[in-house]
Amino acid sequence: MALTGASDPSAEAEASGEKPFLLRALQIAVVVSLYWVTSISMVFLNKYLLDSPSLQLDTPIFVTFYQCLVTTLLCKGLSALATCCPGAVDFPSLRLDLRVARSVLPLSVVFIGMITFNNLCLKYVGVAFYNVGRSLTTVFNVLLSYLLLKQTTSFYALLTCGIIIGGFWLGVDQEGAEGTLSWLGTVFGVLASLCVSLNAIYTKKVLPVVDGSIWRLTFYNNANACILFLPLLLLLGELQALRDFAQLGSAHFWGMMTLGGLFGFAIGYVTGLQIKFTSPLTHNVSGTAKACAQTVLAVLYYEETKSFLWWTSNMMVLGGSSAYTWVRGWEMKKTPEEPSPKEGEKSAMGV
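- Naming follows an unreviewed UniProt entry, where the chain appears as GDP-fucose transporter 1 isoform X2 of Sapajus apella.
- Here is the UniProt Function (unreviewed entry) comment for the chain, exactly as written: "Putative transporter."
- You can read under Subcellular location (unreviewed entry) in the UniProt record for the chain the words "Membrane".

And the structure:
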């Protein structure tokens with residue numbers, strides 16, 4: 001059960017060369033399916049916890065706090081298990097260092113914004129519109145890369161961003177025309193997209209502080225988040241709302257909450273696994289296809305009827321994202337990118 005993802009590339013290449021094609025294809029199919037099931041299940045489960053008429057729980061910050069707490073405990077538990085059984089579990093050693101925690105703190109604030117705005121967006125918009133509502137991440141990546149890192153973007157990549165923006169505005173227009181638009185949810189989606197981009201940029205700067213380990217960074221981010229969420233729970237009155245919650249003693253409720261935390265932890269692992277067995281480019285393509293499947297499933301599950309232009313907006317967003325991925329992959333082949341620390345540990349946290 002290797003969770004660090006660190007391995008010898010030459011050994012992997014040699015091993016993959018020895019594997020029969022059908023076996024390798026089966027492995028890839030299983031890993032991609034695992035990523036899809038985990039990601040889609042996490043979105044639908046979070047929607048249930050945040051906005052279920054049967055649950056009637058209006059504490060989005062507490063839901064996010066609890067998921068961070070579960071992730072922190074899982075990281076610490078797996079670290080302890082790796083120490084006791086080094087042959088069974090491969091996980092980095094974790095020890096809470098206050099100096100490291102302080103160094104990671106600025107990134108943790110961005111991380112809190114990312115996961116909180118993601119959940120708030122999901123609370124106020126439907127699962128079918130969720131991907132469009134958070135579709136500006138690529139646009140913010142390009143904008144912030146120029147403003148903060150002084151990196152320019154090619155004309156073709158900018159063109160794909162234009163398609164994404166067009167799809168976003170068309171989607172907002174069509175949600176409004178159908179009477180299902182939540183401006184608050186849309187604003188939270190835009191803020192979530194901004195925080196996702198900032199998180200990606202600052203993660204690269206903070207990684208050396210945790211020896212290039214994504215799992216150590218995950219531990220510190222979630223531990224910091226648990227502490228920073230506490231005053232928010234008090235200020236927003238969610239602790240009082242939780243005390244008045246009718247199902248507070250329900251095993252079903254806490255089971256679903258814990259399952260949401262497990263999915264939040266698992267998405268990082270299966271994302272890294274998909275990148276390891278395919279490639280970063282294939283992972284992005286898989287993510288786009290997963291978003292399409294998730295939208296269709298949401299429309300069917302909630303028995304919604306959508307117009308042709310609404311579907312067009314989704315296709316513009318997904319098509320623009322796929323085109324951007326292809327353009328960036330083509331440009332990176334022309335100009336090889338420097339390898340980042342512990343490449344195998346890459347993961348998309350909180351998506």
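After that view of the structure, there is still more to cover.
### Notes on the overall build of the chain
Turning to step 1, where the next piece is worked out: Counting its regular elements, the chain contains 13 helices and zero strands.
Turning to step 2, where the next piece is worked out: The N-to-C order of helical and strand elements in the chain reads α-α-α-α-α-α-α-α-α-α-α-α-α.
Turning to step 3, where the next piece is worked out: The C-alpha atoms of the chain give 20 Å as radius of gyration, which agrees with the globular expectation for 351 residues (20 Å, within 12%).
Turning to step 4, where the next piece is worked out: Taken along the three principal axes of its C-alpha coordinates, the chain extends 55 × 50 × 45 Å.
Turning to step 5, where the next piece is worked out: Evaluated residue by residue, the chain yields a buried proportion of 47% over its 351 residues.
Turning to step 6, where the next piece is worked out: Taking the contacts inside the chain whose residues are at least 6 apart along the sequence as the reference set, 84% of them involve residues at least 24 apart.
Turning to step 7, where the next piece is worked out: Taken as a whole, the chain presents about 17400 Å² of accessible surface, with 68% of it coming from carbon and sulfur.
Turning to step 8, where the next piece is worked out: Averaged over its 22 positive side-chain charges, the chain has a centre that lies 6 Å from the centre of its 21 negative ones.

### Digging into the UniProt feature "transmembrane region" (unreviewed entry) in the chain
Turning to step 1, where the next piece is worked out: Per the UniProt record, the feature "transmembrane region" (unreviewed entry) sits at residues 21–44, 64–88, 100–117, 129–148, 155–171, 183–202, 214–233 and 253–273.
Turning to step 2, where the next piece is worked out: For residues 155–171, the end-to-end C-alpha separation is 24 Å, with 100% helix and 0% strand making up the annotated structure.
Turning to step 3, where the next piece is worked out: Secondary structure over residues 214–233 splits into 100% helix and 0% strand, and the C-alpha atoms at its two ends are 28 Å apart.

### Things to note about the nonpolar core
Turning to step 1, where the next piece is worked out: Within the largest apolar cluster, 59 residues are counted, with the highest numbers of intra-cluster contacts made by Leu 57, Phe 62, Cys 68, Phe 229 and Met 257.
Turning to step 2, where the next piece is worked out: No other element matches the eight residues that helix α2 (residues 21–51) contributes to this core.
Turning to step 3, where the next piece is worked out: In this structure, Cys 68 is in contact with Phe 111, Ile 115, Asn 222, Ala 225, Cys 226 and Phe 229, ignoring residues within four places of it in sequence.

### Details of unusual backbone geometry
Turning to step 1, where the next piece is worked out: Residue Lys 150 is not a glycine yet carries a positive backbone phi of 60°.
Turning to step 2, where the next piece is worked out: Assignment of secondary structure puts Lys 150 in the loop between α6 (137–149) and α7 (155–177).
Turning to step 3, where the next piece is worked out: Since its relative accessible area comes to 63%, Lys 150 is described here as exposed.
Turning to step 4, where the next piece is worked out: For Glu 303, which is not glycine, the phi torsion reads 55° and is therefore positive.
Turning to step 5, where the next piece is worked out: Counting through the fold element by element, Glu 303 comes out in the loop between α12 (280–301) and α13 (308–334).

### Examining the packing of helix α4 (residues 98–124) against helix α9 (residues 214–235)
Turning to step 1, where the next piece is worked out: Between α4 and α9, whose axes approach to 8 Å, the crossing angle comes to 75°. Viewed along their axes, α4 and α9 adopt a mutual orientation that is roughly perpendicular. Across the interface between the two elements, Val 100, Ala 101, Val 104, Leu 105, Leu 107, Ser 108, Val 109, Phe 111, Ile 112, Ile 115 and Thr 116 of α4 pack against Leu 217, Tyr 220, Asn 221, Asn 222, Asn 224, Ala 225, Leu 228 and Phe 229 of α9.
Turning to step 2, where the next piece is worked out: Here the contact of α4 with α9 is composed, by residue class, of 14 nonpolar, five polar and no charged.

### Quick word on the pattern of salt bridges
Turning to step 1, where the next piece is worked out: Tallied over the full model, the rule gives eight salt bridges.
Turning to step 2, where the next piece is worked out: When the shortest N-O distance is used, the salt bridge between Asp 58 and Lys 123 registers 3.0 Å. Placement of the pair is Asp 58 in the loop between α2 and α3 (60–84) and Lys 123 in helix α4, with a sequence separation of 65 residues.
Turning to step 3, where the next piece is worked out: Between Arg 328 and Glu 331 there is a salt bridge, with its nearest N and O atoms 2.8 Å apart. With Arg 328 and Glu 331 both in helix α13, this residue pair falls three residues apart, about one helical turn.
Turning to step 4, where the next piece is worked out: For Arg 328, a relative accessible area of 32% corresponds to the partly exposed category.
Turning to step 5, where the next piece is worked out: One network of salt bridges, with partners in common, ties together Glu 175, Glu 178, Glu 304 and Lys 306.

### Digging into a nonpolar patch on the surface
Turning to step 1, where the next piece is worked out: Nonpolar side chains collect at one region of the surface, where Leu 143, Tyr 146, Leu 147, Leu 148, Leu 149 and Tyr 202 lie side by side and expose about 530 Å² of accessible area between them.
Turning to step 2, where the next piece is worked out: Broken down by element, the residue count for the nonpolar patch peaks at five residues, all from α6.
Turning to step 3, where the next piece is worked out: Mapped onto the elements, Leu 143 comes out in helix α6.

### Side note on the environment of Val 190
Turning to step 1, where the next piece is worked out: Within the secondary structure layout, Val 190 lies in helix α8 (residues 183–206).
Turning to step 2, where the next piece is worked out: Look at Val 190 and you get partly exposed, because its relative accessible area is 24%.

### Focus on helix α11 (residues 251–277)
Turning to step 1, where the next piece is worked out: Taking 1.5 Å as the rise per residue, α11 with 27 residues should run 39 Å; its terminal C-alpha atoms sit 37 Å apart, in good agreement.
Turning to step 2, where the next piece is worked out: Of all bends in α11, the biggest is about 25°, found at Ala 266.
Turning to step 3, where the next piece is worked out: Where α11 begins, one side-chain oxygen reaches toward the backbone nitrogen of His 252, 3.2 Å away; that side chain belongs to Ser 250.

### Some details on the packing of aromatic side chains
Turning to step 1, where the next piece is worked out: Within the structure shown, the criterion is met by 18 aromatic pairs.
Turning to step 2, where the next piece is worked out: Here the aromatic rings of Phe 62 and Phe 65 are separated by 6.1 Å at their centres, their planes lie at 40°, and the arrangement is tilted. Remark: Phe 65 and Phe 62 occur in helix α3; sequence separation between them is three residues, near one turn of the helix. With respect to class, Phe 62 is no different from Phe 65; both count as buried.
Turning to step 3, where the next piece is worked out: Ring geometry for Trp 326 versus Trp 330: centroids 6.4 Å apart, planes at 0°, classification stacked. On the criterion of helical spacing, the pair formed by Trp 326 and Trp 330 is a turn pair, its members being four residues apart in helix α13.
Turning to step 4, where the next piece is worked out: By relative accessible area, which is 58% here, Trp 326 ends up exposed.
Turning to step 5, where the next piece is worked out: Relative accessible area serves as the criterion here: at 41%, Trp 330 is assigned to the partly exposed category.
Turning to step 6, where the next piece is worked out: The structure contains a cluster of three or more aromatic residues connected by ring pairs, namely Phe 62, Phe 65, Tyr 66, Phe 245, Phe 253 and Trp 254.
Turning to step 7, where the next piece is worked out: Above the ring of Tyr 124, the side-chain terminus of Lys 123 is found at 5.7 Å from the ring centroid.

Cut-offs used in this document
- Residues numbered from 1 in each chain as written.
- Predicted model: local features only at pLDDT ≥ 70, side-chain atom pairs only at ≥ 80, totals over all residues.
- Heavy atoms only, no water.
- UniProt positions renumbered as here; feature names shortened; annotations may be inferred.
- Helix = DSSP H or I, 4+ residues; strand = E, 2+ residues; numbered from the N terminus.
- Rg over C-alpha atoms; globule rule 2.2 N^0.38 Å.
- Buried < 20%, exposed > 50% of the residue type's maximum accessible area, 1.4 Å probe, protein only.
- Contact = heavy atoms within 4.5 Å.
- Areas by Shrake-Rupley, 256 points an atom, 1.4 Å probe, with all protein chains shown as cover.
- Lys, Arg positive; Asp, Glu negative; His and termini not counted.
- Charge placed at Lys NZ, Arg CZ, Asp CG, Glu CD.
- Core = buried A, V, L, I, M, F, W, Y, C linked by side-chain atoms within 4.5 Å.
- Axes fitted to C-alpha atoms, helices over the stretch in contact; angles between N-to-C directions.
- Parallel < 35°, antiparallel > 145°, perpendicular 65-115°, else oblique.
- Nonpolar A, V, L, I, M, F, W, Y, C, P; charged D, E, K, R; others polar.
- Salt bridge = Lys/Arg side-chain N within 4 Å of Asp/Glu carboxyl O.
- Patch = residues over 30% accessible without salt bridge, like charges linked within 9 Å, V, L, I, M, F, W, Y side chains within 5 Å.
- Expected span 1.5 Å × (residues − 1).
- Bend = angle between axes of the 7 residues up to and from the residue.
- Polar contact = N/O pair within 3.5 Å; in protein donor to acceptor, adjacent residues only side chain to side chain.
- Phe/Tyr/Trp six-rings, centres within 6.5 Å; stacked < 30°, edge-to-face > 60°.
- Lys NZ or Arg CZ within 6 Å of the ring centre and 35° of its normal.

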